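Reading the structure
These are the residues of each chain, in order.
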Amino acid sequence: RRSDPDLLTFTLADLLDDSEPIDPAAYPLTWTQGDITLDLSYSFTPGSDEDGVTVHVPLALLNRLTPDGFDWGIPGQLPELVTALLRAVPKQVRRQLVPVPERAAEVLAAITPADGPIAEVVTRRVAAMTGEAVRPRDLDWARVPPHLRMRFAVEDARGRVVAAGRDLAALQRALATRARSAAAAAAAPGVERTGMTGWDLGDLSRTVDVDAGRHRVRAYPALVDEGATVGVRVLATPQDQARAMAAGTRRLVLLAVPSARRDVEKRLRTVPALAAVPAGIPGVPELTDDVLAAAADRIVAASGGPPWTAEGAAELVAAARQRLGRLSVSAAGLAADLVVGAVAVEERLVATTAPVLQPAVEDMAAQLGRLVSPGFVTRIGLARLPDLRRYLTAMGQRLDKVGRNPARDHDQTLTVQALEAEYAALRRSLPPERRDDPDVTAVRWMIEELRVSYFAQSLGTPGPISDTRVRKALAALRPR
């Protein structure tokens, strides 16, 4: 195909069959992802930035795209792409793939785009064929000709290219603000609002759709937090909508009960230790914001989540006026006790200077930073605060006895740290909207319970816990 630069228009299906000539006028070249259909163009210009297939992406649709499928390219170039990927594996593995064209044919016969990202699929096949551990990060992408990777040209409403490149995620990051504005302008004229101190919207639509040129643009309205007010903004994806709606609804609740802030601050200022806390541990201003946010989140969750109707918003506001004051003051007292406990642990860590105990001290300092840093109440939620008290108590017991057997403590520390690193890497590998799902966060708390069982066994844990159980939970999170 690349030898015939006149074939600039073709369908993906026709690229699989060279047996009949293609009438360019009969086959518009497009790419479909979900409900989005995008134009493609082909340029036979070796050495130029435009060489190969270009996906033409309206700016208003940019944030709605995912990388899924684009990495496989067009079917007509798939054999060439797979061959190039085999030549991009490390040299010691590549030697086992000779002749490469024949091995590429074997790989092609066994894979489809439904199997996942092509780099992962191909390296899995290579590992199975050679017995060598090969991962996508081992590929030398400099050995893959640029024309085999889709090029994305992002265009404004007039069709002018505002940015182009072969890394979709990088383009989305660079143009995120402009893409959101374009989506809002195209999909929701008159929908966005600002400066609201309460819900005066009527009902809020979950989606809005309008025609923007040849494209049907779908966008997602959400209540957003503006600090002293709330507003309505139209966002590009359901994930953006969910995040914004949660924050906007929290602010709506807090605006409904302004006296709650005064009451929380009053409660916290009765605790002298909060007047001067070490760096990294929240004081009164941060703890006030944190407790109020966590209490508001609890009320929203108990009311069934963010409202989308005027009736639902009125019910939520009524619940907030009834409960927010008492709930937030109660939570402030518990949070203050936890901060005092954290300060006590911090002071003991600083005073523990024996060199042999420093691995344990450093480990606990990192643990303390994760558990009781600014925003900790909202991050873990009110329901888990009693567990946090137990974790701090466990750190105190560990400090009491670590000097008796530092070698054992060190071995257990290495086990826990390895699991924490594995969990962190696995969580990063998940889609952003998946990272805070209950089954994912549950593993984090399993690791904290493992610490209790290792270093303060007398405190007990809610259920059986071991490193084996944690590893099984981690394995269950990995995509299959």
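The text that follows walks through the structure, step by step, so that each part is easy to find. (Residues numbered from 1 in each chain as written. Predicted model: local features only at pLDDT ≥ 70, side-chain atom pairs only at ≥ 80, totals over all residues. Heavy atoms only, no water.)

**Some details on the overall build of the protein**
- Along the backbone of the protein there are 16 helices and 9 strands.
- Taken over 480 residues, the protein has a buried fraction of 42%.
- Restricting to contacts in the protein with at least 6 residues of sequence separation, those with at least 24 account for 62%.
- On the protein, roughly 23800 Å² of surface is accessible, and the fraction owed to carbon and sulfur atoms is 52%.
- Across the protein, the mean location of the 60 positive side-chain charges is 6 Å away from that of the 59 negative side-chain charges. (Helix = DSSP H or I, 4+ residues; strand = E, 2+ residues; numbered from the N terminus. Buried < 20%, exposed > 50% of the residue type's maximum accessible area, 1.4 Å probe, protein only. Contact = heavy atoms within 4.5 Å. Areas by Shrake-Rupley, 256 points an atom, 1.4 Å probe, with all protein chains shown as cover. Lys, Arg positive; Asp, Glu negative; His and termini not counted. Charge placed at Lys NZ, Arg CZ, Asp CG, Glu CD.)

**Considering helix 14 (residues 406-429)**
- Taking 1.5 Å as the rise per residue, helix 14 with 24 residues should run 34 Å; its terminal C-alpha atoms sit 34 Å apart, in good agreement.
- Three or more residues of helix 14 are buried, namely Asp409, Gln412, Thr413, Val416, Leu419, Glu420, Tyr423 and Leu426.
- Along its buried surface, helix 14 packs onto helix 11 (358-371), helix 13 (385-401), helix 15 (438-455) and helix 16 (467-477). (Expected span 1.5 Å × (residues − 1).)

**Describing helix 11**
- For helix 11, built from 14 residues, the straight-helix expectation of 20 Å at 1.5 Å per residue is met to within 8% by its first-to-last C-alpha distance of 20 Å.
- Within the sequence span of helix 11, burial applies to Ala360, Val361, Asp363, Met364, Gln367, Leu368 and Leu371. The buried residues of helix 11 occupy an angular sector of 165° when the element is viewed end-on, so they sit on one face.
- Elements in contact with the buried residues of helix 11: helix 10 (310-351), helix 12 (376-380), helix 13, helix 14 and helix 15. (Arc of directions from axis to C-beta.)

**Side note on the pattern of salt bridges**
- Counted according to the given criterion, the structure contains 24 salt bridges.
- Notably, a salt bridge pairs Glu420 with Arg370, separated by 3.0 Å at the nearest N-O pair. Here Glu420 is found in helix 14, whereas its partner Arg370 is found in helix 11, with 50 residues between them in sequence.
- Overall, Glu420 belongs to the buried group, its relative accessible area being 18%.
- The shortest N-O distance in the salt bridge between Asp436 and Arg427 comes to 2.7 Å.
- A single salt-bridge network, built from bridges that share partners, covers Asp363, Arg370, Arg398, Asp409, Glu420 and Arg451. (Salt bridge = Lys/Arg side-chain N within 4 Å of Asp/Glu carboxyl O.)

**Brief notes about the pairing of strand 1 (residues 30-33)**
- Across the two faces of strand 1 the burial differs, with Trp31 and Gln33 buried and Thr30 and Thr32 not buried at all.
- Inspection of the sheet shows strand 1 paired to strand 2 (residues 36-43) by 4 bridges, in the antiparallel sense. Paired with Thr30 across the bridge in strand 2 is Asp39.
- A loop of 2 residues connects strand 1 with strand 2, the two strands running antiparallel in sequence, and Gly34 in this loop sits at a positive phi of about 60°. (Pairing = 2+ DSSP bridges.)

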